[in-house]
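# Structure assessment
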Amino acid sequence: MQRRFLLISLAASLTCGGAHGATGPEDMATDAPLIIKGKIVDAKTGEQIIGANVHLKGDTEHAAFTGLDGTFSLKLERETAETAAKTNTETENNAPAETGAAEALTLVYSCVGYGTREFVYTPTATEGEVSLELEEQGVALGEAVVMAYNPGRTESGARGMERRAMNVINVMSAKAIELSPDLTVANALGRMSGITLEKNSSGEGQYAILRGMDKRYNYTLVNGVKIPSPDNKNRYVPLDIFPAEMLDRLEVYKSLTADLEGDGIGGAVNLVMKDAPDRRLFTVNFSLGYNDLYLNRSFASFSTSGMQSQSPNERHGTDYAVSMSDFTTKNLAVKQTKFVPDFTAGVTYGDRFFNNKLGLIAAVSAQNNHRGKNSDIYYETGSSTYGSTTYRYISELQTRLGAHVKLDYAPTPQHKLAWYNGYLYLRSQQVRDAQGEKEEAVRLRVNRQGIYSSILTGKHLFADDALEVDWRGVYSKATNKTPDNTEIHLTTGSTGLQTVSVNPAATRRWEHNDDRDIASYADVSYRLDLNFGTLNLKGGGMYRDKQRSSFYNEYTFKSATEQRSLIRFQDWTNFDEIAFEAPRYGNLSDPLNYDATERVGAAYVMGKLSTGKWELTAGLRAEHTEQGYHLIYPTEEVANEGTQRYWDFLPDVHAKYEVHTNANLRFSYARAINRPSFFEIVPYNIINEDYKERGNPDLEHTVADNFDLRYEWFPSPTEQLMAGVFYKRIQDPIEYGMETSGQDAYYTPENFGTANNFGVEIDVTKYFNRFGIKANYTYTHSRITTSKLIEEQNTDVNAETTIVTHNVTQSRPLSGQAAHVFNISLLYKDTQNGWDGQLAFNYTSERLCIVSTYYNNDSWQDGYPQLDASFEKRFGDSGWSIFAKANNLINLPVVQYIKKNSLNENLTDVERHDGGLLERKERTGRSFLVGVRFKL
């Protein structure tokens, strides 16, 4: 009888007493167990299939499962093997087996999402492994399925994208994100090579710093389209707004091609959201958790039900004189809660309809997490006092909501339309209580950020699929609202009694801004098949119109009884009981009341030649920028509006050479830019306590030349070894420094000559059946020289001493850049028993975190290690599983300090760290959650 089998190679491996060697059929008569070893891969992609089941036909008790590297090892006792072989022979011949018949075993192998196949195994003299293939169970949609195929969901798919890419990229798959301990995109990014995180006030990752380049030098994409920022001054997008579970993959572009927007000197982060599946998909998860910070103290909160979304002058006009009746006090009552559990939940549904031509994916994710920070502050930058300690306690409730729906329609295999709609929302409600020896300040703040994006795309193939036309239409909007941000000031007397400070007793602030984009993209590519290779030509363009508005209104209150102090627990107990005196007007003339516009148009051409072991890509992108502002309440000293216009021509060249099987040597060059932020070119003037600050309408944009050289080896579809170097030459970098104007010095954004940034990256992924390791290391070195203020004593001819302030220059690294970043994750997978586990460690060396206006006064964050863990237990084929995640298990304090120098080495009665001036220590606590997940 003729059988049909999928067979790449056939071999046997017999182990006896731990030995591995070739054996013949006669060994079936010995008592040694039979061990069948092999590997199962995807027939289409070559990806190693994890969790496939292998067992004897008709005997499911003797089974094995493939590990993280796709391998399996099936151990059979000799009696079991002989019985199975005899049964197989009798079934084949439909008669009792004869003595001496060939001892053949039938193996059945399968995996969820794939078909089931059989393979006849016969011990031979050939040593090695059995290599098997499985075909994915897809829908019968021909090439249309290929157009919707998303390989980045799996580890091997992610490695394949890195290998095939024209430029230098790193990809994190949906599977890696799901198994990681991280709940937000920002924290997940911190696992990737070359990335450090800038954290928010509660200690959560918020912004990505790529290769030592500050967040201003990077941009964020959703499904390949740039999205607006909810920040009221800058362009960068807070990545903690994105729930990690909504992604199919994370892409980090470290070098740019001509079809990517050019304002990414550090690179770009592309969030690829979940796509419509090729078969029905339904998942649901729910988890509960806790932060152990609140085992030792209460969680502080306040009610927002009566909070006014608009300031009194927004409601009644700029000429309206306010009174206390225009302000509510319902939101000033603070309460303490002992038990504050966290929860997360998510639902995803996807399917195909109408003969599989219409695809749908809908996903919702919700998170409600209690975070916080305990800080011991010994010295604050800009202060002239030492020796006293302020204890700051932050309680923050973070509520995230993510929802998206995507439809794709493929009427024919050559044409596809897709419509994506996504909404991200982050609400942060925070109580910050700073308790000093003589004063206390309590801040009550709620911030709401939202990003909505709607993307309509089309993809069309012509001329036997050689000609491809892609287009996209985009509408997106980001909003940021902080209503009634209140700070109350208290004074502690020598007797220990607390009273309300007289002036200011409190400040109340309203802020909101929005950022709206309308954009269109078009790309045309054509493939030429030549005698010596393939040439792909591509060209296209884009246009984006951005409108931004910003509102700021603050009121400063006095105590209503200036004649005597209002004593806590005598005149009042909670903050809503304090009697304040309202000012007649707020500061509507603040420069944060502005409108901004930006119009960017771009066109590009590029070509890719593939011949033999070489792949060469070159392109040129031209971008025109028109950026302007309009002050809503201008002052007489400055112009109320201004515009910048300029062209940039951005070449790029990329070469990839296959040095040996599954290994590339890659070189990339690309020119990129960085535009000034919206607020930096506004001619604002702010008088701070220690210095004056102003904007710079003459600020120029930054241009950088970026070079990359990387060796990459992919020994298997899921494993990799990457080692590379990079260099950036940055012309006119934008940094803040001191500028002298007449008798005054201003802290202002300026262009500072040329900066240099270079580094080394190493990335390793290796699997050993049930175990795996992922590790990466990045070294970065940068240098920039800026102006600073320095105070020196001056003694005149009369022996009188005065303090003289003047400008000097000082060299330093780029802000946020850490010299050393190291990540390592240890993975475990036991498919047979349904276990997955991960232990993840990160170390970030010291980095410059605050650039001071004064010489030798920059603040540094000391090196910090973090250990996280996660696991999942699946229950057979039921689709149910339980999982757990733990973050910040070491919980060491984050230390901020000023390095030892001649200005602080002789100070007494101060706290020291590594010989320098200790500023603060902060702890955020450990977070734990346990949940349940169902997949259909």
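As a starting point, this report considers the structure included with it.

Reading the values: rules and limits
- Residues numbered from 1 in each chain as written.
- Predicted model: local features only at pLDDT ≥ 70, side-chain atom pairs only at ≥ 80, totals over all residues.
- Heavy atoms only, no water.
- Helix = DSSP H or I, 4+ residues; strand = E, 2+ residues; numbered from the N terminus.
- Contact = heavy atoms within 4.5 Å.
- Areas by Shrake-Rupley, 256 points an atom, 1.4 Å probe, with all protein chains shown as cover.
- Salt bridge = Lys/Arg side-chain N within 4 Å of Asp/Glu carboxyl O.
- Pairing = 2+ DSSP bridges.
- Axes fitted to C-alpha atoms, helices over the stretch in contact; angles between N-to-C directions.
- Polar contact = N/O pair within 3.5 Å; in protein donor to acceptor, adjacent residues only side chain to side chain.
- Core = buried A, V, L, I, M, F, W, Y, C linked by side-chain atoms within 4.5 Å.
- Buried < 20%, exposed > 50% of the residue type's maximum accessible area, 1.4 Å probe, protein only.
- Patch = residues over 30% accessible without salt bridge, like charges linked within 9 Å, V, L, I, M, F, W, Y side chains within 5 Å.
- Phe/Tyr/Trp six-rings, centres within 6.5 Å; stacked < 30°, edge-to-face > 60°.
- Lys NZ or Arg CZ within 6 Å of the ring centre and 35° of its normal.

### Considering the overall build of the protein chain
Counting its regular elements, the protein chain contains 6 helices and 52 strands. A fraction of 70% describes how many contacts in the protein chain between residues 6 or more apart in sequence connect residues 24 or more apart. Carbon and sulfur atoms form 53% of the exposed surface of the protein chain, whose accessible area is close to 39700 Å².

### Points about the pattern of salt bridges
Within this structure, the stated rule accounts for 60 salt bridges. Linking Glu712 and Arg710 is a salt bridge whose minimum nitrogen-to-oxygen distance equals 2.9 Å. Each member of the salt-bridge network shares a partner with another, and the members are Lys226, Glu261, Asp263, Arg544, Arg621, Glu623 and Arg675.

### Focus on the sheet that holds strand 13 (residues 218–222)
Across the sheet, which stays open at both edges, the 5 strands sit in the order 10-15-16-13-14 with mixed pairing between neighbours. With partners counted over all chains shown, the strands left at the sheet margins are strand 10 (169–173) and strand 14 (225–226), one partner each. Here strand 10 runs beside strand 15 (residues 247–253); their pairing, made up of 5 bridges, is antiparallel. Bridge pairing in strand 15 places Ser173 opposite Arg249. Those strands touched by helix 3 (residues 155–164) are strand 10 and strand 15, and its axis lies near 170° from that of strand 10.

### Remarks on the side chain of Arg516
Tracing the backbone through its elements, the reader meets Arg516 in strand 27 (residues 506–530). There is a polar contact of 3.0 Å between the side chain of Arg516 and the side chain of Asp545.

### Some points on the nonpolar core
Soluble, globular proteins show a tendency: their nonpolar side chains are buried together. Formed by 40 residues in total, the largest nonpolar core has its most connected members in Leu189, Ile195, Phe242, Leu247, Leu250 and Leu271. Per-element accounting of this core gives the leading share, 4 residues, to helix 5 (residues 185–189). Other than its neighbours up to four places away in sequence, Leu247 contacts Ala174, Ile177, Val185, Leu271, Val272, Met273 and Lys274. Counting residues in hydrophobic clusters, the runner-up holds 27 residues, among them Met307, Leu332, Val442 and Ala506.

### Regarding unusual backbone geometry
Positioned with a positive phi, Asp465 is a non-glycine residue whose angle comes to about 70°. Take Asp465: it is sitting in the loop between strand 24 (439–462) and strand 25 (467–492). Overall, Asp465 belongs to the partly exposed group, its relative accessible area being 32%. Backbone geometry at Asn856 places phi at a positive 55°, although glycine is not the residue there. Assignment of secondary structure puts Asn856 in the loop between strand 45 (847–850) and strand 46 (859–861).

### A few points about the pairing of strand 27
The pairing of strand 25 with strand 27 spans 20 bridges and is antiparallel. By the bridge assignment for strand 27, Asn485 is matched with Arg509. Pairing of strand 27 with strand 28 (residues 533–559) involves 25 bridges; the strand directions are antiparallel. Looking across to strand 28, one finds that Ala522 is bridged to Gly541. Hairpin connection of strand 27 to strand 28: 2 residues between the antiparallel strands.

### Side note on a nonpolar patch on the surface
Together, Val659, Leu665, Phe667, Phe707, Leu709, Trp713, Leu721, Val725, Val760 and Ile762 make up an exposed nonpolar region whose accessible area comes to about 720 Å². Contributions of two or more residues to the nonpolar patch are made by strand 33 (663–674), strand 36 (702–713), strand 37 (720–731) and strand 40 (754–768). The topology assignment puts Val760 in strand 40. Val760 gets classed as partly exposed once you look at its relative accessible area, which sits at 30%.

### Points about the pairing of strand 30 (residues 594–611)
Here 17 bridges tie strand 28 to strand 30, and the two strands are oriented antiparallel to one another. Bridge assignment links Asn536 to a residue of strand 30, and that residue is Lys608. Note that strand 30 and strand 31 (residues 614–631) share 18 bridges and pair antiparallel. Following the sheet pairing, Glu598 is matched in strand 31 by Gln627. In textbook terms, the turn of a hairpin is the stretch between consecutive antiparallel strands, and for strand 30 and strand 31 this stretch comprises 2 residues, one of which, Gly612, has a positive phi near 60°.

### A few points about helix 3
For the α-helix, the turn length of 3.6 residues means that residues three or four positions removed from each other point alike. Burial analysis of helix 3 places 8 of its 10 residues in the buried class, the great majority of the element. When we look at burial in helix 3, the residues that qualify are Glu155, Ser156, Gly157, Ala158, Arg159, Gly160, Met161 and Glu162. Backbone nitrogen of Gly157 and a side-chain oxygen of the N-cap are separated by 3.1 Å at the start of helix 3; the cap is Thr154.

### Details of the packing of aromatic side chains
Tallied over the entire structure, the rule returns 23 aromatic pairs. Within the aromatic cluster, the residues linked to one another by ring pairs are Phe327, Trp510, Tyr555, Phe557 and Phe580. Here the basic side chain of Lys215 rests over the ring of Tyr207, its NZ or CZ set 5.5 Å away from the ring centre. A cation over a ring is seen here: Lys873 above Phe875, with NZ or CZ 4.8 Å from the ring centre.

### A few points about the sheet that holds strand 7 (residues 105–110)
Read across the sheet, 4 strands follow the order 5-4-7-8 without closing on themselves; strand pairing throughout is antiparallel. Strands at the two margins of the open sheet, each flanked by one partner only, are strand 5 (59–65) and strand 8 (116–121). When the angles between neighbouring strand axes are averaged without regard to direction, this sheet yields 30°. Pairing geometry for strand 7 and strand 8, over 6 bridges, is antiparallel.

Interpretation in functional terms is not warranted from these geometric data alone.
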